[in-house]
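Observations on the model geometry
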Amino acid sequence: MEAPDWKNLPFGYMKTDYNVRCHYRNGKWGELEISSSEYIDIHIAATGLHYGQEAFEGLKAYMGKDGRVRLFRWEENAKRLILSAGGIIMAPFPYELFREALYKVVELNRRFVPPYGSGASLYIRPLLYGSGAEVGVKPASEYTFLVFVTPVGPYFKGGVKPVDMLICRDIDRAAPKGTGIYKVGGNYAASMRAIIAARDGGYANTIFLDAREKKYIDECGPANFFGIRDNTYVTPKSESILNSITNMSLLDIAASLGMKTERRQVPVEELGMFEEAGACGTAAVISPIRKIVDPENNIIYEYCRDGQPGPLTMKLYNKLTALQCGDEEDTFGWVSIL
Ligand code: PLP
Ligand code: COI
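Residues numbered from 1 in each chain as written. Chains lettered and ligands numbered in written order. Predicted model: local features only at pLDDT ≥ 70, side-chain atom pairs only at ≥ 80, totals over all residues. Heavy atoms only, no water.

1. Things to note about the overall build of the protein chain
Selection criterion: Counting from the N terminus, the helices are the DSSP runs of H or I reaching at least four residues and the strands are the DSSP runs of E reaching at least two. In this treatment the radius of gyration is a C-alpha quantity, and the globule benchmark scales as 2.2 Å times the residue count to the 0.38 power. It only takes one pair of heavy atoms within 4.5 Å for two residues to be counted as in contact. For the area figures, the Shrake-Rupley method with a 1.4 Å probe applies, and any residue is considered shielded solely by the protein chains shown. Only four residue types enter the charge count, namely Lys and Arg as positive and Asp and Glu as negative; His and the chain termini do not. Charged side chains are reduced to one point each, which is NZ for Lys, CZ for Arg, CG for Asp and CD for Glu.
A count of helices and strands for the protein chain gives six helices and 18 strands. Rg of the C-alpha trace for the protein chain: 20 Å, near the compact-globule value of 20 Å for 338 residues, within the 12% margin. The principal-axis extent of the C-alpha atoms belonging to the protein chain is close to 55 × 50 × 35 Å. Within the protein chain, counting contacts between residues at least 6 apart in sequence, those at least 24 apart form 71% of the total. Surface accessibility of the protein chain: about 15300 Å² in total, with carbon and sulfur atoms responsible for 51%. Charged side chains of the protein chain number 39 positive and 41 negative; the gap between the two group centres comes to 1 Å.

Listed below in structure tokens is the structure:
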């Protein structure tokens, strides 16, 4: 393999050596299987294809200065995949098997873990879908789990370079009592029109508001939102957003750095009170927000006026990334070393 240009990797797909698969048939999960094919053979009537019986996860492996590979809070991804499976009536993928599959797929593709200090990491994508055939709308009786990896750079171009966001009022990503808290493909399909409209307008992504009243911030495309004011880290509480593991971690990190934290409804007008704002997630890491445009109300909320990320955003970013690659001692117990 010619060495990839680690420092300039996009957030995209690159073929790696192996993926790991597992099948649920006759009421039980089988053995993990290793495959070098990038393709799956799928029944033409699989529920995953027709009725969106599909959920996924996203986490990363990081190379440390010591040459050891680290996973960040994989346990939370295992639990969230079980939650998502329950949300759309799929057979849950067992926690212990999830761990085994992750360790195996990373070990087998070790040469694709980007070097320490490159700013890139190995993205791990577990997927669970209904593979059994049904024509009526009902859960399948067979499921497939698979996990592949691919080296990636930052999701938002430029890494910690501040980005612009567009508030979206005419498209909802998820309904209040819908599937927004699950990491299911349907939510992403529902978000695409809004995301593409934002990108076409020159924005990094869209900010979704609560679907019921359009009064409160929900989330930022494929990432949670946070704002910082008066040394307080504020992030939305909503029944239709994904419970981000990065955001959960930032709440704890902020507290450990002496900041106050609040997880509550965030009214749109409060955007004018924040000194700093950002999007956070596995793919996004922390993406500082330069400005948020509210086209219906003709308002532009601006942060980082000098073009630089705010000081507290950078403090959070530095602490999070230092923990993930092992530069700082893991006092939270979040890191597993392979
Ligand atoms: N919100 C959405 C809709 C996402 O797709 C993601 C990505 O997983 C996040 C938030 C961030 O979650 P996490 O930090 O667990 O990756
Ligand atoms: C992640 O952050 O892992 C995600 O899943 C975002 C992805 C949809 C691009």
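Okay, back to it.
2. A few points about the site of ligand 2
This is how it is decided: Any residue with at least one heavy atom within 4 Å of a molecule or strand is counted as near it. The term polar contact refers here to a pair of N or O atoms within 3.5 Å; inside protein, the definition further demands a hydrogen-donor-capable atom paired with an acceptor-capable atom, and it admits residues adjacent in sequence only when both atoms are side-chain atoms.
Around ligand 2 lies a shell formed by Phe11, Phe56, Gly58, Tyr123, Arg125, Tyr155, Lys183, Tyr188, Pro222, Thr282 and Ala283. Measuring from an oxygen atom of ligand 2, one finds a side-chain N or O atom of Tyr123 at 2.8 Å. Within the backbone of Ala283, a nitrogen or oxygen atom sits 2.8 Å from an oxygen atom of ligand 2. Expressed as a share of its isolated accessible area of 280 Å², the protein-covered part of ligand 2 is 89%.

3. Examining the pattern of salt bridges
The following threshold applies: Salt bridges, as used here, are contacts in which a Lys or Arg side-chain nitrogen is within 4 Å of a carboxyl oxygen on Asp or Glu. Residue burial is assigned from relative accessible area. The probe radius is 1.4 Å, only protein chains are included, and a residue is buried under 20% of its type maximum, exposed over 50%, and partly exposed in between.
Inspection of every chain in the model, using the stated rule, returns 23 salt bridges. With a closest N to O distance of 2.9 Å, Arg212 and Glu239 form a salt bridge. In this pair, Arg212 sits in the loop between strand S10 (205-209) and strand S11 (217-220) while Glu239 sits in the loop between strand S13 (232-236) and helix H5 (245-256), placing the two residues 27 residues apart along the sequence. A relative accessible area of 53% places Arg212 in the exposed class. The residue Arg264 makes a salt bridge to Glu262 at a minimum N-O spacing of 2.7 Å. On the accessibility criterion, Arg264 (26% relative accessible area) is partly exposed. The exposure class assigned to Glu262 is partly exposed, which follows from its relative accessible area of 32%. Taken together, the shared-partner salt bridges in this structure form one network comprising Arg229, Asp230, Glu262, Arg264 and Glu270.

4. A closer look at the packing of aromatic side chains
Here is the rule: Aromatic rings from Phe, Tyr and Trp, taking only the six-membered ring of Trp, are treated as a pair when their centres fall within 6.5 Å; an angle between ring planes under 30 degrees marks them as stacked, one over 60 as edge-to-face, and anything in between as tilted. For a Lys NZ or an Arg CZ to count as sitting over a ring, it must be within 6 Å of the ring centre and within 35 degrees of the ring normal.
Applying the stated rule across the entire model yields 14 aromatic pairs. Look at Phe226 and Tyr233: their rings are 5.0 Å apart centre to centre, the planes differ by 25°, and that puts the pair in the stacked class. An aromatic cluster is present here, built from Tyr24, Trp29, Phe93, Phe98, Tyr143 and Phe145 joined pairwise through their rings. Over the ring of Tyr103 we find Arg99, and its NZ or CZ is 4.8 Å from the ring centre.

5. Here we look at the packing of H5 against helix H6 (residues 311-325)
Keep this limit in mind: Orientation is described by lines fitted to C-alpha atoms, with helices fitted over the stretch in contact, and by angles between N-to-C directions that extend from 0 to 180 degrees. By definition in this entry, angles of less than 35 degrees are roughly parallel, angles greater than 145 are roughly antiparallel, angles of 65 to 115 are roughly perpendicular, and the rest are oblique. Helix crossings are classified by the rotation of the near helix relative to the far one: an anticlockwise turn of less than a right angle makes the crossing left-handed, while a clockwise turn makes it right-handed.
Viewed as axis vectors pointing N to C, H5 and H6 meet at an angle of 110°, and their least axial separation amounts to 10 Å. Here H5 lies roughly perpendicular to H6, going by the angle between them. For H5 against H6, the interelement crossing comes out right-handed. For the pair H5 and H6, contact is made by Thr246, Leu250, Ile253 and Ala254 and by Leu316, Lys319, Leu320 and Leu323, respectively.

6. Some thoughts on helix H2 (residues 74-87)
Just so we agree on the cut-off: The span expected for a helix works out to 1.5 Å for each residue beyond the first.
Over its 14 residues, H2 runs 20 Å from end to end, which matches the ideal 20 Å to within 8%, given 1.5 Å per residue. Phi turns positive one or two residues past the end of H2, at Ile89, with a value near 50°.

7. Brief notes about the domain arrangement of the protein chain
Inclusion rule: Just so you know, the domain bounds were taken from an automatic or database domain assignment. What counts as buried area is the accessible surface, traced by a 1.4 Å probe, that two parts surrender upon association, with contributions from both included. Amino acids are sorted into nonpolar (Ala, Val, Leu, Ile, Met, Phe, Trp, Tyr, Cys and Pro), charged (Asp, Glu, Lys and Arg) and polar (every other residue, Gly among them).
Per the domain assignment, the segments making up the protein chain are domain 1 (6-152) and domain 2 (163-325). Placing a centre on the C-alpha atoms of domain 1 and another on those of domain 2 gives a separation of 26 Å. On the side of domain 2, 19 residues touch domain 1, which itself brings 24 residues to the contact. Summing both sides of the interface, domain 1 and domain 2 together bury roughly 1800 Å²; the carbon and sulfur share of this comes to 65%. On the domain 1 side of the interface with domain 2, the three residues burying the most area are Phe56, Phe72 and Arg80, jointly 32% of the side's total. At the boundary of domain 1 and domain 2, one finds zero salt bridges. Summed over the shared surface of domain 1 and domain 2, the result is seven residue pairs in polar contact (both at pLDDT 80 or more). Among the secondary structure elements, those contributing two or more residues to the side of domain 1 that touches domain 2 are strand S4 (54-56), strand S5 (59-63), strand S6 (69-72) and H2. Considering only residue class, the side of domain 1 that touches domain 2 consists of eleven nonpolar, five polar and eight charged.

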